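# Understanding the architecture of this molecule
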Amino acid sequence: MKLLNTSSALKIWLAALMKVDYSFQSVKVNHPKPICDGKEMTKVTFHPNYKPIPGQAISDANVKRNNVLNSLFTLTCNGITKSPINSNFNTPWTNFDILLVVSFNWPKYKDIPYLEAMYRGVFKNIVYCGTGSPSAKELNGLNITFISYDLRGGRLAYGCVIMAIEMGYKVNGYFHISDDVAVSPWIIQKYPRGRIWYNGGAYPGPDILWDAKLGVMCRAKPKYKCDLKKKIRWIHYPGNRDALIKTYQLIHSGQLNRSDVQLCSDNLKKTASGNTTGWYYDTGDLYYIPRHLAHSFAYIASLFLQENVYLEITSPAVLLCLRDPDNKEATQLLNGRHFWGSYGNLYEKLSFLDKHDYFHTAKLSGIIDQKEKDTIKYFCGFVSKTYNSSLLKI
């Protein structure tokens, strides 16, 4: 797969958009330059998707993808589970125009064809993002949209979301997952798509913050109070302390003269009972941003990105500051679980998704060498259930 520099890729991308009758919007930009100036997004490949139209022939690109994924499913799942209906990976897409952004903590790009088989039936637009770039062999003949970006082992994964937003997809929202999160595709019809979705709150609790200056845990309600004996033990705290303080000072300074930044400052203070140095910690692997908040998310997250603040701090901070903490309807908490320390039985976790929205961790690498039967059964079951789901008939 040939990768081009940013300017050349942008020209090809714009030409591809025009080919599919993309309507270019007039946009008033209220910051002096793009959030990402090209240094971060080192390479990009873009392949537009053609939505199947009843009565018309399926595009060559979709036929090719159907053949690749059907072959992949057959080779992987023969004798394990039933194939999707008609073995057809060109099932008409749903009406939910949501961009799925998949970030890779590490460049394990052999997983991409399997992720395509799992999610392409629900998300017509998917952007993959990670360090380096996948090889043609790893993609197994698939054309995908991929942003080459140094995530620092996943620590700056929110940068992928910033850049995906700036690519200008005509979608109603942006759904980010890391490559080792399994998410139930059916949640997109469960929850209001005008809200932020987040993976269950903050650690260790909704009213417990970590104070950046003092380095201790604090309780936010009914008033901000710190316990000097409860030291922050997060391994990355020392390296992020100064960057975090600097970012919070900028947000609270009033220097940026933006209404969304001022709102962010107000909401962060309200969350911390007026304090300006308390922050939440969470995984940051899974969240959804509705379109009307997307550019505010991109801009505010870029303030953290320019200081290389880790996603465990940035994601909960930005998602918190985009909505009024007193408005319980502004955020939809997702129902899932983090299986720390053990990947467990993935096939059993598949049934977990029948009643829950996600789980973490879900490593697909065991499929590649055909040795982990549990992982293979999980993948095959996931794909079969998704493509046989009534969700795709909406």
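Structure's up top.
Below or above, wherever it landed, is the structure these notes cover. Values in this document were obtained by computation on a predicted structure and should not be read as measured data. (Residues numbered from 1 in each chain as written. Predicted model: local features only at pLDDT ≥ 70, side-chain atom pairs only at ≥ 80, totals over all residues. Heavy atoms only, no water.)

### Digging into the side chain of Asp 179
Threshold: Strands are runs of DSSP state E lasting at least two residues, helices are runs of H or I lasting at least four, and both sets are numbered from the N terminus onward. Partly exposed describes any residue whose relative accessible area lies between the buried limit of under 20% and the exposed limit of over 50%, with all areas from a 1.4 Å probe on protein chains only and scaled to the type maximum. By the counting scheme adopted, Arg and Lys are positive, Glu and Asp are negative, and His together with the chain ends is not counted. Should a side-chain nitrogen of Lys or Arg be within 4 Å of a carboxyl oxygen of Asp or Glu, the pair is scored as a salt bridge. Within 3.5 Å is the distance limit for a polar contact, defined as a pair of N or O atoms, with the added protein rule that one can donate a hydrogen and the other accept it, and that residues adjacent in sequence qualify only through two side-chain atoms. Contacts are assigned to residue pairs with any non-hydrogen atoms lying within 4.5 Å of each other.
You can see Asp 179 is positioned in the loop between strand S5 (173-178) and strand S6 (181-183). Buried and without a salt bridge, Asp 179 has Lys 363 as its closest oppositely charged side chain, separated by 5.4 Å. Side-chain polar atoms of Asp 179 contact the backbone nitrogen of Asn 105, separated by 3.2 Å. Sequence-distant contacts of Asp 179, defined by excluding residues within four places in its chain, comprise Val 102, Ser 103, Phe 104, Asn 105 and Ala 362.

### Some words on the state of the cysteines
Selection criterion: Disulfide: a pair of cysteine sulfur atoms within 2.5 Å of each other.
This structure, assessed with the given rule, holds four disulfides. Put simply, Cys 77 and Cys 380 are joined by a disulfide, and their sulfur atoms are 2.0 Å apart. Disulfide Cys 77-Cys 380: the torsion about the S-S bond is -90°, which places it as left-handed. With Cys 77 in helix H2 (residues 60-77) and Cys 380 in helix H11 (residues 373-387), this pair connects stretches of sequence that are 303 residues apart. On the basis of relative accessibility, which here comes to 0%, the residue Cys 380 falls in the buried class. The side chain of Cys 218 participates in a disulfide bridge whose partner is Cys 226; the two sulfur atoms lie 2.0 Å from each other. A torsion of 95° about the S-S bond marks the disulfide between Cys 218 and Cys 226 as right-handed.

### Some words on the sheet that holds strand S9 (residues 216-219)
Note the threshold: If DSSP finds at least two bridges between two strands, the strands pair.
Across the sheet, which stays open at both edges, the four strands sit in the order S10-S9-S8-S11 with antiparallel pairing between neighbours. With one partner strand each, in any of the chains shown, strand S10 (225-231) and strand S11 (278-279) form the two edges of the open sheet. Strand direction decides the pairing type here: S9 and S10, joined by four bridges, are antiparallel. Bridge pairing in S10 links Val 216 to Lys 231.

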